[in-house]
Each structure stands twice: as C-alpha cells, then as structure tokens.
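# Residue-level structural notes
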Amino acid sequence: MANSDNNRRKFMATTLQSVGLTALGGLLWSGYCDEAKASPLVLRPPGALQEDDFLKACIKCGLCAEACVNRESNKNRDGTQRDGTLKMAKGGDHKLIGTPYFIPTDVPCYMCDDIPCVPVCPSGALDMKSLLNEKEELDINRAKMGLAVVHKESCVAFWGLQCDACYRACPLLDEAITLEYQKNERTGKHAFLLPVVHSNVCTGCGLCEKACITEKPAIFVLPREHSMGKAGDHYVKGWDKKDQQRVGDRKADEIETHNERSDQAPSDYLNREIEY
Ligand code: SF4
Ligand code: SF4
Ligand code: SF4
C-alpha cells in the first residue's frame, strides 16, 4: 500500500514538473515570438539614443518609467499617482520586452521642464547631453522623440471645417505647429486653416495626437526615421550659401549616391524595362 502511495506521489511530482516546464517553455517561446514581432514603430523617452544604440545601451532597469510616474506633476486631486507616460514593454506589447516606450493616445509626454526620466538613466541610453541648451541646462524642447505627421484626408481642417485642437494642444504653439491660411475655392467665401508641423521644432510629445478630435487621430507621431525623408548629399540648395559651400568643399568623387541604380551604368538602366 505504502509502495503504491509512493509511486502515485512520484507520478504526480513528475507530471507537475513536466507541466511547469512546459508552461515555462511556453512563456519563453511567447516572449521570443513577441520580441521577434517587435514593432519598429516605437516611441522612446526624451533623449533616447538612435534605436539600435538605444537597444544596446538600455539595461531595462525601469528607472525612467518610475521617475515618470512619480513625477511631482503627475498626481490626482486626492494625491494619488496617475498613470505615467512611460511603460516598460511586457509580453504581448509587441515591443522589445523590458524597454521603455509610450503611446500618445494613452498618455502623451507632458514635456516636463525638469525631465525627471532622463538623469536617472544609469546606462546612457537616455542621453542628457542631447537635451542641453546653449546655457548647458536641460531643455525638453530639444527632445526628438518622434515627429507628428498630418494625414490630410482625415484631418477635418482640410475639409474646410474649423478645428484647431492639435494646434492648441501643442506646447510649442506657433512653432512646432502653425496654421496655414488658404482660400476655400469651393465656397469662395471661407478659408482653410491647415495645421502644418515643423520638423525642426516638433519634439514628438504626442499631445496633438491625444487632442485630435477624429475617430482615429489624423495627426500622429512616428519615430523620426520613419516619418522623415532624406534628399541625399548630392542635392544642393542653390539659394543657401552654406549648402553650396558644403559641396564646394568636397571633391566630386567624394559625393556618393546610394540607391538601386547607382551601381549600374546609365545606359543599362535607361534601356532596360523598369520592373515594378
Ligand atoms: S518628460 Fe515626458 S517621459 Fe519624461 S517624465 Fe515628463 S512626461 Fe514622463
Ligand atoms: S533608465 Fe535607462 S537603462 Fe533603465 S530602462 Fe530606462 S532607458 Fe533603459
Ligand atoms: S508632437 Fe504635436 S504637440 Fe508635440 S511638439 Fe510636435 S506638433 Fe507639438
């Protein structure tokens, strides 16, 4: 009898171990899958290095997110903390697990003057130097977390309706977003007031995205590498003396263009049918 009890206990222990190991394996596998599916469209805290360097430097300690949620200005009337802007990615978020990010439509970055999330970073993944102004003071206006992009077809201001919600929500009003006046030729007596984002000023805080009145925001923030184009060094602004100087100082063979056709002879690609 004692023998059969022992066998039953052993059997139960082995079964539980197997179930535990399977569950752990599942967890690790789902974590791996989540990392493999990690979206490149992720917004990082102010001062974050370029994404590749950021991922190498961030030690996933969570101090930035902790400072963000505990910041002085983040309290409800009863003194309790509100949700912070920064979250630490967990399984199912489709971000690299353990790294900080934010989603403007949940909680945008409020562009705190003292930027508490940055000095606490022990690894340099959030670079204080990139946020220093001429007076060597931390300046949140220097942040480049992303860039707001306007989708004209869904922005009702482009339909001629009066809306300036994003413009008014912007902490850098009349600098990061301006309203461009255009005559409404259809009615002949109304005007369009169109939001225009200026990439040299926009910090990517996402307050405009949060404020947008459309069902799905018509203005939204993307990481700058996904929202900005690049003309290439070989284009010169003829009206800009500095730009002319830049190219004038370089020898012709130092100017390189890299694209699909640049390694081919012009006669090759001009005479071949273009495949799309
Ligand atoms: S600057 Fe933005 S991310 Fe940093 S603590 Fe303030 S709200 Fe949070
Ligand atoms: S404080 Fe720095 S190292 Fe720690 S999670 Fe935030 S970015 Fe990563
Ligand atoms: S993200 Fe929007 S609200 Fe923030 S600075 Fe840029 S334009 Fe202004």
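Located above this text is the structure these notes cover.
Residues numbered from 1 in each chain as written. Chains lettered and ligands numbered in written order. Predicted model: local features only at pLDDT ≥ 70, side-chain atom pairs only at ≥ 80, totals over all residues.

In this section: the overall build of the protein. Of regular secondary structure, the protein possesses 8 helices and 6 strands. Element order for the protein, N to C, with α for helix and β for strand: α-α-α-β-β-β-α-β-β-α-β-α-α-α. Here the protein holds 276 residues, and the buried ones make up 23% of them. Taking all contacts inside the protein whose residues are at least 6 apart in sequence as the whole, residues at least 24 apart take part in 64%. (Helix = DSSP H or I, 4+ residues; strand = E, 2+ residues; numbered from the N terminus. Buried ≥ 20, exposed ≤ 12 C-beta atoms within 10 Å, placed from the backbone. Contact = placed C-beta atoms within 7 Å.)

Before going further, it helps to spend a moment on the site of ligand 2. Close contacts around ligand 2 come from 13 residues, with Cys58, Cys61, Cys64, Cys121 and Ser123 the closest. Among the residues forming the shell around ligand 2, the class breakdown is 10 nonpolar, 2 polar and 1 charged. (Near = placed C-beta within 6 Å. Nonpolar A, V, L, I, M, F, W, Y, C, P; charged D, E, K, R; others polar.)

Turning our eyes to something else, we now look at the site of ligand 1. Neighbouring residues of ligand 1: 15 residues in total, closest Cys68, Thr85, Cys109, Cys112 and Cys117. Each residue belonging to the shell around ligand 1 can be placed in one class, and the counts come to 13 nonpolar, 1 polar and 1 charged.

Further remarks concern the nonpolar core. Counting residues in hydrophobic clusters, the biggest one holds 42 residues, and the most contacted among them are Cys64, Cys117, Cys208 and Ile219. Elements supplying a minimum of two residues to this core: helix 3 (63–69), strand 3 (147–150), helix 4 (165–169), helix 5 (207–211) and strand 6 (219–222). Top contributing element to this core by residue count: helix 3, with 4 residues. Taken together, domain 1 (38–143) and domain 2 (146–227) each give at least three residues to this core, which thus spans both. Every residue in contact with Ile219, bar those within four places of it in the chain, is listed here: Ala148, Val150, Cys155, Cys166, Pro195, Cys208, Glu209 and Cys212. (Core = buried A, V, L, I, M, F, W, Y, C linked by C-beta atoms within 7 Å. Domains from an automatic or database assignment.)

Right, let's talk about unusual backbone geometry for a bit. One non-glycine residue, Lys60, lies in the positive phi region at around 60°. Looking at the secondary structure, you find Lys60 in the loop between helix 2 (51–57) and helix 3. At Asp174, a position not held by glycine, the phi torsion is positive, near 70°. Position of Asp174 among the secondary structure elements: in the loop between helix 4 and strand 4 (177–184). A residue is classified by how many C-beta atoms lie within 10 Å of it, and Asp174, with 11 of them, is exposed.

Take the environment of Lys237 next. Note on placement: Lys237 falls in the loop between helix 6 (224–227) and helix 7 (241–248). Taking the number of C-beta atoms within 10 Å as the measure of exposure, Lys237 has 12 and is therefore exposed. Residues Lys237 and Val247 lie 10 residues apart in sequence; the distance between their C-alpha atoms is 10.0 Å.

Here we take up the environment of Glu180. Assignment of secondary structure puts Glu180 in strand 4. Glu180 sits in the exposed class, given 10 other C-beta atoms within 10 Å. With 15 residues separating them along the chain, Glu180 and Pro195 place their C-alpha atoms 6.4 Å apart.

Turning to its location among the elements, Met228 is positioned in the loop between helix 6 and helix 7. Taking C-alpha positions, Met228 is 9.5 Å from Val149, a pair spaced 79 residues apart along the chain. Excluding anything up to four places from it in sequence, Met228 contacts Leu147 and Ser199.

Interpretation in functional terms is not warranted from these geometric data alone.
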